[in-house]
Amino acid sequence: MVESTGEMIERDTILGRIREALRVTAYVPGGAGLPTTVDRRRVLPAAGATFDERAALFARNAGELTATFNVLQDAGTLAAALGVLRDAEGWTRVAAHRGELAGDAARSLGLPLLFTDGGYDRNALERCDVGISECDALVAQTGTVVVTSRSAGGRALSCLPPHHVVLARREQLVADLPAAFQLVAGRYGADYPSVISFITGPSRTADIERSLVLGAHGPKRLTIFMV
Amino acid sequence: MTAPAARFDTDARGVAPDLRHRSIIQTAMAKYEVVRDRSQSWFQDWEGARDLAARTKLEAVGRLDTYLEQLVRNLEARGTRVHWAGDAQQAREIIVGILREKNARVVVKSKSMTSEEIRLNDAIEAAGCEVVESDLGEFIVQLRGEAPYHLVFPAMHLTRSEIRQTFEAKLRDAPSDDPEELTMVARRVLRRTYLQADVGITGANFAVADTGMISITENEGNARLTAALPRTMITLIGIEKVLPRLEDLALFLPMLAVMGTGQPLTCYNTMYGGPRQPGEADGPEEYHVVLLDNRRSALLADAELRETLGCIRCGACLNVCPVFRNVGGHTYGTVYGGPIGAVITPHLRGFKDWVHLSYASSLCGACTATCPVKINLHRHLLENRRAASHRDARWSYKIGFTIYAAVANSPALWKVATRLLRIGMSVRRLVNGSVLDPMRAWTRTRDLPPIAKQSFREWWRAQGR
């Protein structure tokens, strides 16, 4: 391996330099100590107090981001809603993971199906028209979908196919970013998935003359169903 | 004048009068300002947010040793290999060593200014690997053999037709100069690269000590794919990017977005806490994090400059800087341009060679006013100038100011000198701006206000009082 005693010595050298540097005291304005959740909520954009306000805010933010947000009455109507998308976009291959919502929904489409659970052929995933995943939370404040490598079928399912469909439950809608981070911390404790991703709209770039193009490397479309 | 200072001088003279460059930059910045102001207005208290961000960062760098050790402990606990690099050469050796061990042929990279700082791509190519930048702007400047123009917008100086010409010449694939079609060309090319690449290399925006995670902010999804598909992943990160707690990101992610691109939140904010874990579908088998010092500890040791380690590389100070807008990003000749680059580069790369950048400012303070972590940028520029005059005072200045002090302290001498000056200035007007003009450095491109016909004392006396 590349690690050697040389690198261990380097670690001690750098930490030594840092400790030496920190013997010089610098002025810290506003007193020491770290800001709290209350401090952050006081400054961040407002996020709505009730479920309805938050759902409306999420819908507005999703619209701004050119994501599609649909609220469904129950899981039974999900298959029909996905069927409409399948027909409109002419899907021929579907990727998903074996989640409670995502597994059944993907099977209902009646198309060749790739499940990413436990490993898959990446070239096959690249040829899929859509990736269907679940999520950990929806954030009203920013229109964000929070996914992890455990809740959403790995790292690439929500990023490689040109259309990412997110299936969320009503109770997964949270008010703001602090709440989303607390939810993730509470849900996983010390046993974090290797990836947590805050997805805010479909992939985009403005690197050419600052003009917006969707689908730079990730999905061109993002559709969110809340059941 | 040092060689970098002479180059700055020449390049600035070339770019500043270039009206085409000016209109490209002004158009881009006008778009940025509109969305930035809109996103900022959604904050309940933006100034309060800046205070919290500054406080968090000062706390983080103020206990950097503790937070770094916590970060490393948490990263290692979940199978990440952490490497420490004291300088650029060590960082290059560590990364090239990993590439050799993995017999890597193709490396895909997501955006990393720190990798520019250590000139990583040159080292990777010298080791016989192909390295491909995957961020669209970086991909474009890599094809052109240029350095990134701006911390956040690497290709903002190019027009769509220039980019089409580059794609035509280098990729033989340029359907039109429509930004969407050009983006899709890059998407197709890079899809193949992601699937082939043996190793993915990323930069990072934050490192979270309490959970042991690396946070990467991006819009395109290129970093996510770089972190998902290759079998080995490497992240290069400066030691100053540590945040104490995961929830600190709830503040820093939206602030970085608002200041960086003007968005309320960047499209993808992803936290990486290790290689593929048991039971997960995909991800690299190995995850390496390289922590880079490269003289950051020298900034830490300076009580005044320590706060510059709070910089989140959002680029906001570049965007508002009148000098940056006029001389352009490449003129600085440094990885970090604009006000923050002018402040830190002399301390990172050699004071004598780079302190001239501290004079590339009108000290208007727009940078300080916009900085999300409240770095007192224009004061540091002034401090750099002060340090330069202490270290290396020019004889001509010393003599000049000694004479001036003597004249200004004596009413009689002052009276004579100002009379002589008025005569001298009226003679000078005959040669205004020409090679004979002793004030040519100023008058070549600017007007000089005419000197008053009488002094205040003369005017007072003429009033008969």
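Nothing here was measured: the structure is a model prediction, and the numbers come from that model. All residue numbers here refer to positions counted from 1 along the written sequence of the relevant chain. Following the order in which they are written, the chains are lettered starting with A and the ligands numbered starting with 1. Since the coordinates come from a predicted model, pLDDT governs what is reported: local features require at least 70, and pairs of side-chain atoms require 80 or more to be given and counted, while whole-chain, interface and lining totals use all residues.

## Focus on the overall build of chain A
Thought 1: Helix and strand counts for chain A stand at 7 helices and 12 strands.
Thought 2: The exposure scheme places C-beta atoms from the backbone and then counts, for each residue, the other C-beta atoms within 10 Å of its own, assigning buried at 20 or more, exposed at 12 or fewer, and partly exposed in between. Sorting the 227 residues of chain A into buried and exposed places 48% on the buried side.
Thought 3: C-beta atoms are placed from the backbone for every residue, and two residues are taken to be in contact when these atoms lie within 7 Å. When contacts within chain A are restricted to residue pairs at least 6 apart in sequence, those whose partners lie at least 24 apart make up 69%. Every helix listed is a DSSP run of H or I at least four residues long, and every strand listed is a run of E at least two residues long, numbered separately from the N terminus.

## Some points on unusual backbone geometry
Across residues other than glycine, the phi torsion is negative in most instances, and most of the peptide bonds are trans.
Residues and elements named next belong to chain B.
Thought 1: One non-glycine residue, Asn103, lies in positive phi territory at about 50 degrees.
Thought 2: Within the secondary structure layout, Asn103 lies in the loop between α5 (88–101) and β2 (106–109).
Thought 3: Positive phi values are uncommon outside glycine, yet Arg119 reaches one of about 50 degrees.
Thought 4: For Arg119, the location among the structural elements is in the loop between α6 (113–117) and α7 (120–126).

## Topic: the sheet that holds strand β7 (residues 163–168) of chain A
Residues and elements named next belong to chain A.
Thought 1: The strand order across the open sheet formed by 6 strands is β1-β12-β7-β4-β2-β3, and the pairing between neighbours is parallel. Across the chains shown, the open sheet's two edge strands, defined by having one partner strand only, are β1 (68–71) and β3 (113–115). For this sheet, the mean angle separating the axes of adjacent strands, direction not counted, is 20 degrees. At least two bridges found by DSSP between two strands is the condition for calling them paired. The axes used here are C-alpha line fits, helices contributing only the stretch in contact, and every angle between their N-to-C directions lies in the interval 0 to 180 degrees.

## Brief notes about the domain arrangement of chain B
All names here are of chain B.
Thought 1: For the domains described, the bounds stem from an automatic or database domain assignment. By domain assignment, chain B separates into domain 1 (43–297), domain 2 (310–391) and domain 3 (399–462).
Thought 2: Taken over C-alpha atoms, the centre of domain 1 sits 23 Å from the centre of domain 2.
Thought 3: Those elements that place two or more of their residues in the side of domain 1 that touches domain 2 are α3 (46–62), α6 and α12 (249–260).
Thought 4: In terms of residue count, α3 provides more of the side of domain 1 that touches domain 2 than any other element does, 6 residues in total.

## Points about the interface of chain A and chain B
It is common to give the size of an interface as the accessible area that goes away when the parts come together.
Thought 1: With 76 residues of chain A at the contact, the number on the chain B side is 86 residues.
Thought 2: Looking at the side of chain A that touches chain B, the elements that each hand over two or more residues are α1 (5–21), α2 (37–43), α6 (122–126), α7 (177–188), β9 (195–199) and β10 (204–205) of chain A.
Thought 3: No other element matches α1(A), which puts 11 residues into the side of chain A that touches chain B.
Thought 4: Of the residues contributing to the side of chain A that touches chain B, the split by class is 33 nonpolar, 24 polar and 19 charged. Under the grouping applied here, Gly and all other residues not named as nonpolar or charged are polar, the nonpolar ones being Ala, Val, Leu, Ile, Met, Phe, Trp, Tyr, Cys and Pro and the charged ones Asp, Glu, Lys and Arg.

## Re the environment of Tyr67(B)
Residues and elements named next belong to chain B.
Thought 1: Note that Tyr67 resides in helix α4 (residues 64–77).
Thought 2: Considering only alpha carbons, one finds Tyr67 and Val208, 141 residues apart in sequence, at a separation of 8.7 Å.
Thought 3: Ignoring anything within four residues of it in the chain, the contact list for Tyr67 reads Ala60, Ala209, Val242 and Pro244.

## Overview of helix α8 (residues 136–144) of chain B
Thought 1: Within α8(B), 7 of the 9 residues are buried, leaving the element largely enclosed by the surrounding structure.
Thought 2: Buried residues of α8(B): Leu136(B), Gly137(B), Glu138(B), Phe139(B), Ile140(B), Val141(B) and Gln142(B), and no others.
Thought 3: Those residues of α8(B) that are buried lie in contact with β10 of chain A together with β3 (130–133), α9 (160–171) and α10 (179–196) of chain B.
Thought 4: Once α8(B) finishes, Gly145(B) follows within two positions and takes phi at roughly 70 degrees, a positive value.

## As for the sheet that holds strand β6 (residues 213–218) of chain B
Strands in a sheet are paired, the pairing made by backbone hydrogen bonds, and the direction either parallel or antiparallel.
Thought 1: Across the sheet, which stays open at both edges, the 8 strands sit in the order β8(A)-β5(A)-β6(A)-β9(A)-β9(B)-β6(B)-β5(B)-β8(B) with mixed pairing between neighbours. Edge strands, defined here as strands with exactly one partner in the open sheet, are β8 (173–174) of chain A together with β8 (242–243) of chain B.
Thought 2: The pairing of strand β5 (residues 137–139) of chain A with β8(A) spans 2 bridges and is classified as parallel. Bridging across to β8(A), Leu138(A) finds its partner in Leu173(A).

## Digging into the pairing of strand β9 (residues 268–272) of chain B
Thought 1: Counting buried positions over the 5 residues of β9(B) gives 5, a clear majority of the element.
Thought 2: Taking every second residue as pointing to the same face, both faces of β9(B) are buried, with Tyr268(B), Thr270(B) and Tyr272(B) on one and Asn269(B) and Met271(B) on the other.
Thought 3: As paired strands, β9(A) and β9(B) are joined by 5 bridges and run antiparallel to one another. Counterpart to Ile199(A) in the pairing with β9(B) is Tyr268(B).
Thought 4: Note that β6(B) and β9(B) share 5 bridges and pair antiparallel. Paired with Thr217(B) across the two strands is Asn269(B), which belongs to β9(B).

## Concerning the pairing of strand β4 (residues 130–134) of chain A
Residues and elements named next belong to chain A.
Thought 1: With 5 of 5 residues buried, β4 lies mostly within the body of the structure.
Thought 2: Every second residue of β4 is oriented toward a common face, with Val130, Ile132 and Glu134 on one face and Gly131 and Ser133 on the other, all of them buried.
Thought 3: With 4 bridges joining them, β4 and β7 adopt parallel strand pairing. Directly across from Ile132, in β7, lies its bridge partner Val165.

## Things to note about the packing of α8(B) against α9(B)
Residues and elements named next belong to chain B.
Thought 1: Where α8 meets α9, the closest approach of the two axes is 10 Å, and the angle between their N-to-C directions is 60 degrees. The angle between α8 and α9 falls in the class oblique. Between α8 and α9 lies a crossing whose hand is left-handed. Judged by residue contacts, Ile140, Leu143 and Arg144 of α8 engage Ile163, Thr166 and Lys170 from α9.
Thought 2: Classifying every residue of the contact of α8 with α9 gives 3 nonpolar, 1 polar and 2 charged. The cut-offs work like this: below 35 degrees is roughly parallel, past 145 is roughly antiparallel, 65 to 115 is roughly perpendicular, and the gaps in between are oblique. Each crossing gets its handedness from the near helix: less than a right angle anticlockwise from the far helix is left-handed, clockwise is right-handed.

## A short note on the confidence of the model for chain B
Thought 1: Per-chain confidence: chain B averages 95 in pLDDT, with 100% of residues scoring 70 or above.
Thought 2: As a predicted assembly, this complex carries a pTM of 0.93 together with an ipTM value of 0.96. The pLDDT score gives, residue by residue, the confidence of the prediction method on a 0 to 100 scale.

## Structural notes on the environment of Gly338(B)
Residue and element names in this part refer to chain B.
Thought 1: Inspection of the secondary structure assignment puts Gly338 in helix α16 (residues 338–349).
Thought 2: Residue classification places Gly338 among the buried residues on the basis of 28 C-beta atoms within 10 Å.
Thought 3: Here the alpha-carbon distance between Gly338 and Gly315, two residues 23 residues apart in the chain, equals 8.2 Å.
Thought 4: Excluding its chain neighbours within four sequence positions, the residues that come into contact with Gly338 are Cys317, Leu318, Cys321 and Phe324.

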